[in-house]
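The primary structure of each chain is shown beneath.
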Amino acid sequence: MSDVFVNYRTGDEESAAAMIARELARRFGRERIFFASNSIEPGHRFPAELIRAAEECEALLAVIGPRWAEVLGADGHPALEAEQDWTRREIRTALDRGTLVIPVLVGKATRIDRTVLPDDLQELADCQYRRFDHRNSESDLTALGDALARLLPDLGAADSDTRAAREREKAKSRKKSAKNTGHTRMRTRDVEQRVRGGIGNLNGDLGTFVNEPQGPVNTGRGHQYNAPHFQGDNTGVQFTAGDNSGTVHQRFERERRSSDDGR
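Here the residue index of a chain counts from 1 through its sequence in written order. For a predicted model such as this one, the threshold for reporting local features is a pLDDT of at least 70, and the threshold for listing and counting side-chain atom pairs is 80 or more; totals across whole chains, interfaces and linings nevertheless cover every residue. Note: side-chain values were computed over all heavy atoms of the structure, leaving out hydrogens and water.

Colleague: Go over the overall build of the chain, please, and point to the residues and values.
Modeller: On a plain count of helices and strands, the chain comes out with 8 helices and 10 strands. Counting over 263 residues, the chain shows a buried share of 32%. Only heavy atoms matter for contacts: two residues are in contact if any of them lie within 4.5 Å across the pair. A separation threshold of at least 6 residues defines the contact pool for the chain, and within that pool the share at least 24 residues apart is 60%. To be clear on the numbers: accessible area is Shrake-Rupley with a 1.4 Å probe, and residue cover counts the displayed protein chains and nothing else. As displayed, the chain has an accessible area near 17,300 Å², and 48% of this comes from carbon and sulfur atoms. The numbering of helices and of strands both runs from the N terminus, where a helix is a DSSP run of H or I of at least 4 residues and a strand a run of E of at least 2. When accessible area is computed with a 1.4 Å probe and restricted to protein chains, residues below 20% of their type maximum are described as buried, those above 50% as exposed, and intermediate ones as partly exposed.

Structural data, given as structure tokens:
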């Protein structure tokens, strides 16, 4: 069973009907779209196939161009006036069964004039329509497909465009997650390298950390030395060493050191 029946009149916008059927088949699957020239297998009896498809479809698209009501039949009268006109019969079958019928007005076609419709198609004039213009074919086809996907849940579940959009979003999310993970790893490595190198700055309340400094390091107010510092004059040398808890001063006089050494 096809979900969507594409109905059209020979001699009036067959090319538009073919474009619509082709795009819907691409998006939802060929088996879900009935288009007579593509869907009826060689050797099959087209009258029975047409009626069966019109009876079983979930939606019928009545493609209507500017000449839809003017195309003449073999008898020289408008084809629409003949009860056996296939375009008319397909639409009537769908309307009688309560099927969703969507007129698709092509190009300069205006809203359906009720006065040109036979009695059994009067309801068609009341159906909300969609427009299709060759100049805006891409956007019009997308809008038509979106409407069908929304109105027919089973068709929407087969929507390849929706699946592709979901896959793109998933891929985008995975890429973003991988990028964030990479940045986190880079920051972690940077901190580790700073720790091994001896000094770093941690954000937050931890302040500045010092690990095995090589040379003078200042971690607070004033002068502080975490490595030996020598001061002296002619009379002696002062050695200063320590940590954050205090400072030790040692002063050695050359004369006393000489005495202690027994010199």
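Colleague: How would you summarise helix H4 (residues 86–96) if you had to cite specific residues and measurements?
Modeller: The buried count for H4 comes to 8 of 11 residues, which makes it a mostly enclosed element. The set of residues buried in H4 consists of Thr-87, Arg-88, Arg-89, Glu-90, Ile-91, Thr-93, Ala-94 and Leu-95. Looking one or two places after H4, you find Gly-98, whose phi comes out positive at around 75°.

Colleague: Please provide a residue-by-residue account of the side chain of Ser-2, values included.
Modeller: Tracing the backbone through its elements, the reader meets Ser-2 in the segment before strand E1 (4–7). With relative accessibility at 16%, the residue Ser-2 sits in the buried group. Once residues within four sequence positions are removed from consideration, Ser-2 is found in contact with Glu-31, Arg-32, Ile-33, Phe-34, Glu-56, Cys-57 and Glu-58.

Colleague: I'd like a description of the environment of Leu-152, backed by residues and values.
Modeller: By the element assignment, Leu-152 lies in the loop between helix H5 (137–151) and helix H6 (153–157). Taking the C-alpha atoms as reference, Leu-152 lies 9.7 Å from Leu-100; in sequence the two are 52 residues apart.

Colleague: Got a sec to walk through the sheet that holds strand E3 (residues 59–64)? Specific residues and values, please.
Modeller: Pairing within the open sheet is parallel, and its 5 strands lie in the order E2-E1-E3-E4-E5. Of all the strands in the sheet, just strand E2 (33–34) and strand E5 (130–132) have a single pairing partner and so form its edges. Between any two strands, at least two bridges found by DSSP are needed for them to pair. When E1 meets E3, the two strands line up parallel, connected through 4 bridges. Directly across from Val-6, in E3, lies its bridge partner Leu-61. Angles shown run from 0 to 180 degrees and are taken between the N-to-C directions of axes, each axis being a line fitted to C-alpha atoms and, for helices, limited to the stretch in contact. In the packing of H5 onto the sheet, contacts are made with E1, E3, strand E4 (100–106) and E5, and the angle to E5 comes to roughly 150°.

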